[in-house]
Structure formats: structure tokens, C-alpha cells
Amino acid sequence: LNLAASLPDFAGPLAMEFEAALSGVPVNGQMSLRSAADFFSGSRTPGALEASAGVNSLRFVGNLTSGGVVDGNFEATMSDPSFLPALSGLPQGLGANQIEVNGGLALAEDGLALAGLDLRLDENRLRGDVDVTFADPRPRVVADLVLGDFDLSVLATPADEADAATGWSRDPIDVGFLGLVDGDIRVSADSLELGTAQLGATVLDTTNDDRRSVTRIQRLEAYDGAIGGEVILNGRSGFSTRVDVAGSALAISRLLSELVGYDRLVAAGDLDLNVMGSGRSMNAVMNSLAGEGAFNVGAGELIGLDIVGMLTNLDPSLVGDTRRTIFDEITVSFRVVDGVIIYDDLTVAAPLFRAKGTG
């Protein structure tokens, strides 16, 4: 570190210029204080800081004290985030190539506040306010974040990896992140791109308390319909989870196609699901699932076979992509036992036939 300081009068301004190396990258900058005497006596003193490291830069203008209290406005641009070890390896779309952030900053001994935060991560953008209270045993975070149109498809598992998987993963589930902070976080988005699914307007409220997280779905537009409910993650003793959701007027064909690769049911319908499971791996959780649900589909068609034609013509060969079975309704309620869906009242109602099923 090389530092040059200028202080003609202890009661006057202090100016500093410096150069150093951070992770092997040269860093240059300058800092100024309006009154060195005020600063070292503990008083709030106007000041500024500018620094650059290659294509990365940081600027702060506000007030500082020798006790570490800071308030003001900051802006930072990182066109090469990997120069900081903590930011290296970020996925594309979440800061791999470009990070830009600005807003108001207030830092004190008992907390941190970011007001009017504006964060760009490559093509994604996030705005909001964040308040952090430094408490024991965990910090508490209260945040209201607006994501706009946000692309998270980079986090989706590639199809070839999913197809190559044999059963649910037996790797231990790490839920240590649930114990990092407590707090209440609201996330709003105009849309979310998840790779295998595309969500519309979304509002999620998450409360985290002592390693237990509850996410309430206040609004979720998906598959031309609406979804509500809550998802619970509990890491207090091992790991357990509960999903209690309901969807109405969903485009069932898109939902089944995107989630399980089944594209032969064309209809809109409602779905209710309330299940819970526990275990130290995804395999253990899925095989412990217990609960109940219901599936109700309105008028639509089943692609691939013509059941009416088969019955009226006694011809079982009426199959293929050009064949259709028109129906009025499909309903079923089910229970889940040890990860297995069991149903006793599947009903298919069509103009010329009715069918029932169990399984």
C-alpha cells in the first residue's frame, strides 16, 4: 500500500491518494474529509471516496465518523466481478460479466440500511430497500425487493442431466442457509423465467425465524391461471418441508408438458396439493411425502387416441397424433402415502361414455 496524505491544518480538510493491490489487481483511489479534527473527535464529517481496480470502480459521497458510522450515497460498477474471490464463478445472468449497484447507505454499530437500492446483474435488474439489524444470535433482515422481468433459467437443471439421473438424489441436503439470518423479505416480479417454467406477475412474502422459513404466495400467475398457498422449509432438526398450494384455471397441457414432459392433455383445470416430507436427502424427502390433493379438469381433449371411435366401430387401431378424444370433465382426488399417489375416484366424463379408475 502506498499512501500520500495532505493535511495543511488539522482543523481543515484532509486529502489522501493511494495505490495498492487486491487479489493481484492494482487498486487506485482517493479519499477526502472536510475536517480532520471533526472526524477524529467522532463527529459526522462530510467526505468522499473514489477507487478503481482495472475496469471496476467505486464511489461514495456522504458523512463519516471515526467510530464507523457512515451515511450517504454510493455507486459501484464491476465489469470484471471475478477479481473479487467472493464474486468469482457467478452464473451468467446473475453477475458473471457485469454488476452495477447504487443507492443510499447508512451504516452504524447496530445495523445497515440500503435505501433506493438499484442492482443490475448482467441483464437482470433488482430494486428495493433493505434493513439489516445486527442482533444475537443472528442478524435480522427486512427487505422489499422488486425484480421486474427476471431470468433465472441459468439455475435450471439441463435436460440431459435430468434424463441421465437415476432416481432422486441421495446427496445430503444442506439447509445451513436457513440459519444465517432471520427476517421478513417480500419479492415482487413482473415475470420469472425458470427454464422449465415461465411465471407471470409474482409476489412472495418470506418469513425466516430460527432456521424455519415460510414463503406465502400472495400472487403467482402461471400457466394462464393463478396459484396461491405457502411453502415451508424447516431446518431446526434435520430437514422437513411442507407444500400447500392451490391453482385455478391452469393450462394443464402446458403445465404437464413443461414439468413432466406430457403434452397430450389439452384443457384448463384446478389443482390442490397439500403434502409434507422429511429427510436428509431428496430421495428420503420424496419417499416420505404424505398428504392429499385434488385434480379437476374442464372440457378438453386427449391427443393420441379416439376412444369414442374405438367403442362405436369396435376398432382398437384408432391411435396416433391425429386422433382425439373429446371429454367434458376429468376429476380425481388423491392421497399421498410414502411418496406414492393413491386415488380411488378418477372419473372421466365424455359425450358418449364415462370411465372410472383407481390406482
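Further up the page is the structure itself.
What counts, and at which threshold
- Residues numbered from 1 in each chain as written.
- Predicted model: local features only at pLDDT ≥ 70, side-chain atom pairs only at ≥ 80, totals over all residues.
- Heavy atoms only, no water.
- Salt bridge = Lys/Arg side-chain N within 4 Å of Asp/Glu carboxyl O.
- Buried < 20%, exposed > 50% of the residue type's maximum accessible area, 1.4 Å probe, protein only.
- Helix = DSSP H or I, 4+ residues; strand = E, 2+ residues; numbered from the N terminus.
- Arc of directions from axis to C-beta.
- Contact = heavy atoms within 4.5 Å.
- Pairing = 2+ DSSP bridges.

A. View of the pattern of salt bridges. Counted according to the given criterion, the structure contains 15 salt bridges. By sharing partners, the salt bridges in this structure join Arg 138, Asp 182, Asp 210 and Arg 211 into a single network.

B. Spatial organisation of helix 3 (residues 252–260). Taken together, the buried positions of helix 3 are occupied by Ile 252, Ser 253, Leu 255 and Leu 256. Projection of helix 3 onto a plane perpendicular to its axis shows the buried side chains occupying an angular sector of 165°, all on one side. Looking at the buried positions of helix 3, the neighbouring elements they touch are strand 17 (240–251), strand 18 (265–266), strand 19 (268–278) and strand 20 (290–297). Among the residues trailing helix 3, Gly 261 stands out with phi positive, at a value near 75°.

C. Structural context of the environment of Arg 280. Here Arg 280 is to be found in the loop between strand 19 and helix 4 (282–286). Considering only alpha carbons, one finds Arg 280 and Ile 173, 107 residues apart in sequence, at a separation of 5.6 Å. Not counting chain neighbours up to four residues away, the residues in contact with Arg 280 comprise Asp 171, Pro 172, Ile 173 and Gly 238.

D. View of the pairing of strand 16 (residues 225–234). Relative to strand 16, strand 15 (residues 212–222) is paired through eight bridges, and the arrangement is antiparallel. Bridging across to strand 16, Ile 217 finds its partner in Gly 229. Pairing between strand 16 and strand 17: nine bridges, direction antiparallel. By the bridge assignment, Asn 234 is partnered in strand 17 with Ser 240. Remark: five residues form the turn of the hairpin made by strand 16 and strand 17, two consecutive strands paired antiparallel; Gly 238 in that turn has positive phi of roughly 70°.

Any link to function would need more than the numbers given here.
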